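# Commentary on secondary and tertiary structure
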Amino acid sequence: MLAAIQAEDFMRLLGRHCIFRSPQQADIALQIQAVKLRPQAQSPHQAARRTPFVVELAAPGDTGMADAVGQLELPAADDGDPVRLDLVWIGRVIPAGRDPAQAYFQLPFN
C-alpha cells in the first residue's frame, strides 16, 4: 500500500487531520500542513515509480512523541474512502521558527 501512495494523495488533504496510532502511546491527531517534493532524493540506480516527497504534520501541544512507527489513518478525500497506512515512520522535527506550542513531524516517502 505504501508504494502506491503519491504526493497528490496528501495534497488533496492539506489542512485536514489524520490519526496516528502507535502501540507505545495514545492516538495523536495530526494536521497535514504541507507536501514537499524531493526529486533530488531519487536513487539514480532505480527505476522511478514516484518522485520522493515529505509530508509535514503538526499536533497541538507537546505529544511526548519523538520518532515512531505506527498506523496512519487518513480522512476520506472528496472522492473516496478513508485510507489506513500501516508501518509508517514519522519523525519529530524542531519548530524552526514555527509556533513552539505545537509538535511538528515529517513523513518521508522515497
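Quick summary incoming for the structure in this document. Remember, predicted model here, so these are calculated numbers, not experimental data.

Ranked by size, the top nonpolar core spans 26 residues in total, and within it Phe10, Leu30, Leu57, Leu72 and Leu107 carry the most contacts. Mapped by element, the contributors of at least two residues to this core are α1 (7–11), β1 (17–22), β2 (25–37), β3 (53–60), β4 (68–74), β5 (83–93) and β6 (102–109). Among all residues touching leucine 72, those that are not within four sequence positions of it are Phe10, Cys18, Ile19, Phe20, Val83, Arg84, Leu85, Val88 and Leu107.

Before going further, it helps to spend a moment on the pattern of salt bridges. Opposite charge on two side chains lets them pair, provided their charged atoms get close. Tallied over the full model, the rule gives six salt bridges. When the shortest N-O distance is used, the salt bridge between glutamate 56 and lysine 36 registers 3.2 Å. Here lysine 36 lies in strand β2 and glutamate 56 lies in strand β3, a separation of 20 residues in the sequence. Residue lysine 36 is classed as partly exposed on the basis of its relative accessible area, which comes to 35%. Among the ionic pairs, aspartate 62 bridges to arginine 92, the shortest N-O distance being 3.7 Å. Of this pair, aspartate 62 sits in the loop between β3 and β4 while arginine 92 sits in strand β5, and the two are 30 residues apart along the sequence. Overlapping salt bridges, with partners in common, bring together Arg21, Asp27, Glu73 and Arg84 in one network.

Parameters at a glance
- Residues numbered from 1 in each chain as written.
- Predicted model: local features only at pLDDT ≥ 70, side-chain atom pairs only at ≥ 80, totals over all residues.
- Heavy atoms only, no water.
- Core = buried A, V, L, I, M, F, W, Y, C linked by side-chain atoms within 4.5 Å.
- Buried < 20%, exposed > 50% of the residue type's maximum accessible area, 1.4 Å probe, protein only.
- Helix = DSSP H or I, 4+ residues; strand = E, 2+ residues; numbered from the N terminus.
- Contact = heavy atoms within 4.5 Å.
- Salt bridge = Lys/Arg side-chain N within 4 Å of Asp/Glu carboxyl O.

Shape descriptors only; they carry no functional weight alone.
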